[in-house]
Amino acid sequence: MAENSTSAATTLGRTLSKAIIPGNPLTNPLTYDETRQAIESGTTTLERVVEAHLKEIETKKHLNAFLSVLPERALVHARLIDSKLANGNAGALAGMVVAIKDVLNLKGAITTCGSKILRQYESIYTATAVQRLIDEDAVIVAKTNMDEFAMGSSTENSAYGSVLNPVDETRVPGGSSGGSCVAVAAGMAHAALGTDTGGSIRQPASFCGVVGLKPTYGRVSRYGMVALSSSFDQIGPFAATVADAARVLQVIAGHDERDSTSAKMPAPDFLSFLEKDVKGLKIGLPREAFGAGLDDEVHDAVNESVDALRSAGAEIVEITLPHSRYNISTYYILMTAEASSNLARYDGARYGYRSSGVRDLNEMYVKSRTEALGAETKRRIMLGTYVLSAGYYDAYYRKAQKVRRLIQEDFANAFRTVDCIVMPTSPTTAFKFGEKINDPLAMYLSDIYTVSANLAGIPAISVPCGVDGKGLPIGVQVLGQWFDEGTVLKVGDFLSVP
Ligand code: GLN
């Protein structure tokens, strides 16, 4: 962390991190690194660290970041890892306290996906990404609140109430992984897993002043993740630092025979990319991402990031992504189509909520779905069903597939001349509760800079790069070539202002 920064994000991080371990003799903010060192030097134990996080979770209950907290499980695990640490055989993430989005299965825990329809659904197996964290001795402390079935940009669509942005509690934390983001931003976990279908990791990260990484499509197994839009969804980390995001990615990345979309690509040593030298890198600025609709202060902060890269010897070139004006419409046609299909399984028969007093099968389907799904979910099921229906399939769904290809080609062309792309994460900083919830189009437009990485399947990170006049965090986004998370992490690390 920079020693003399006065940004609100830094102040927040420091205050909260300090509060993590009450009475701890260490005076510096306790990052994951510092926690691990403190444990290894005998200053504290993982059990105490987990207890302190649980206390933070209790104290900050009003933020509504969690749908279930798992104290017994976490403490048992912490004691086990303490003995492994003492014996010198602990895993790569020993000492790390992690929260996971409630769309990820953890055996024996409830997985609601932020929906009433799954409010009592107990997972019968554990998602691969979560299991890999457990196998490397991360402690899973809680499952986090989210927009229902990960549809939303503000976490206002959760059936269990909104999550508050810890920087300004009158504002949204972003979405749909709002709870995971706030868990990290408010010092209740070192890292968290979210999912990003159209920006749900990067946009909240930018709103709350933390790091959020969406890996390449196929980099992380999605086995055990409840599907929203299967050609877009990807699991990724939130963390306080780019290094911690890299550590988590290292563990969750890699082929999994249980997910046919997970790529057989070896994961490089991601941490080794974090040396600060960006000299000679060619960095593209898409003309289309700096136009109308971009808030001035966000624009200025991103420009400052670009200046810093230039001063450090990177070569900045203007590029064009000519089809980007179709990003939002293409995304919302394809994602709703896929979502309407994926969500067909919630019918009252197989999972969760079933309406009582129904007379026949059809009424059971209709009433169960009517009573237990929220307004945004219903809207998307209707939109998706419409674009897939026989008479409109060619006009909408097939056409959008073709445009998606053009958007992918725009990126492929750009990456012939640049190593990575830098642009804003979100056109604005965190907005107020209620500001966009009744205007779906305005809400969808807040994803304008994030959906392209999902349409193309490329990796992208959001890192904090400053604050606006109200002290609200601003995120800058780095997008890289397919499977080049290394460059994304390197440039993200260079740009990250704690
Ligand atoms: N905000 C976008 C949407 O509502 C992205 C959601 C996501 O990434 N899960 O579709």
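Because the structure is a prediction, the values reported are computed rather than measured.

What counts and what doesn't
- Residues numbered from 1 in each chain as written.
- Predicted model: local features only at pLDDT ≥ 70, side-chain atom pairs only at ≥ 80, totals over all residues.
- Heavy atoms only, no water.
- Near = heavy atom within 4 Å.
- Polar contact = N/O pair within 3.5 Å; in protein donor to acceptor, adjacent residues only side chain to side chain.
- 1 Å grid on protein atoms, 1.4 Å probe; cavity = no way out; pocket = protein on both sides within 12 Å on 5 of 7 lines; lining within 4 Å.
- Sits in = over half its atoms within 2 Å of the grid points.
- Nonpolar A, V, L, I, M, F, W, Y, C, P; charged D, E, K, R; others polar.
- Core = buried A, V, L, I, M, F, W, Y, C linked by side-chain atoms within 4.5 Å.
- Buried < 20%, exposed > 50% of the residue type's maximum accessible area, 1.4 Å probe, protein only.
- Helix = DSSP H or I, 4+ residues; strand = E, 2+ residues; numbered from the N terminus.

1. Describing the site of the ligand
Move 1: As a matter of local geometry, the ligand sits amid 16 residues, with T197, G198, S200, Y331 and R380 nearest to it.
Move 2: Contact distances for the ligand include 3.4 Å between a nitrogen atom and a side-chain N or O atom of S176.
Move 3: Here an oxygen atom of the ligand sits 2.7 Å away from a polar atom, N or O, in the main chain of T197.
Move 4: More than half of the atoms belonging to the ligand lie within 2 Å of the grid points that define the second largest cavity.
Move 5: The residue inventory of the shell around the ligand, partitioned by class, reads six nonpolar, seven polar and three charged.

2. A closer look at the nonpolar core
Move 1: L133, F149, L193 and V422 are the most contacted members of the largest nonpolar core, which has 113 residues in total.
Move 2: The next biggest cluster of nonpolar side chains, apart from the first, holds 36 residues, and it includes A186, M188, A189 and F238.

3. Overview of unusual backbone geometry
Move 1: Geometrically, the link from G175 to S176 is a cis peptide bond, its omega value of 10 degrees lying close to zero.
Move 2: The phi dihedral of N64 falls on the positive side, at around 60 degrees, and the residue is not glycine.
Move 3: Along the chain, the position of N64 falls in the loop between α3 (46-59) and β1 (66-69).
Move 4: Look at F483: it is not a glycine, yet its phi comes out positive at around 70 degrees.
Move 5: Considering the arrangement of structural elements, one finds F483 in the loop between β11 (473-480) and α16 (485-495).
Move 6: Residue classification places F483 among the partly exposed residues on the basis of a relative accessible area of 22%.

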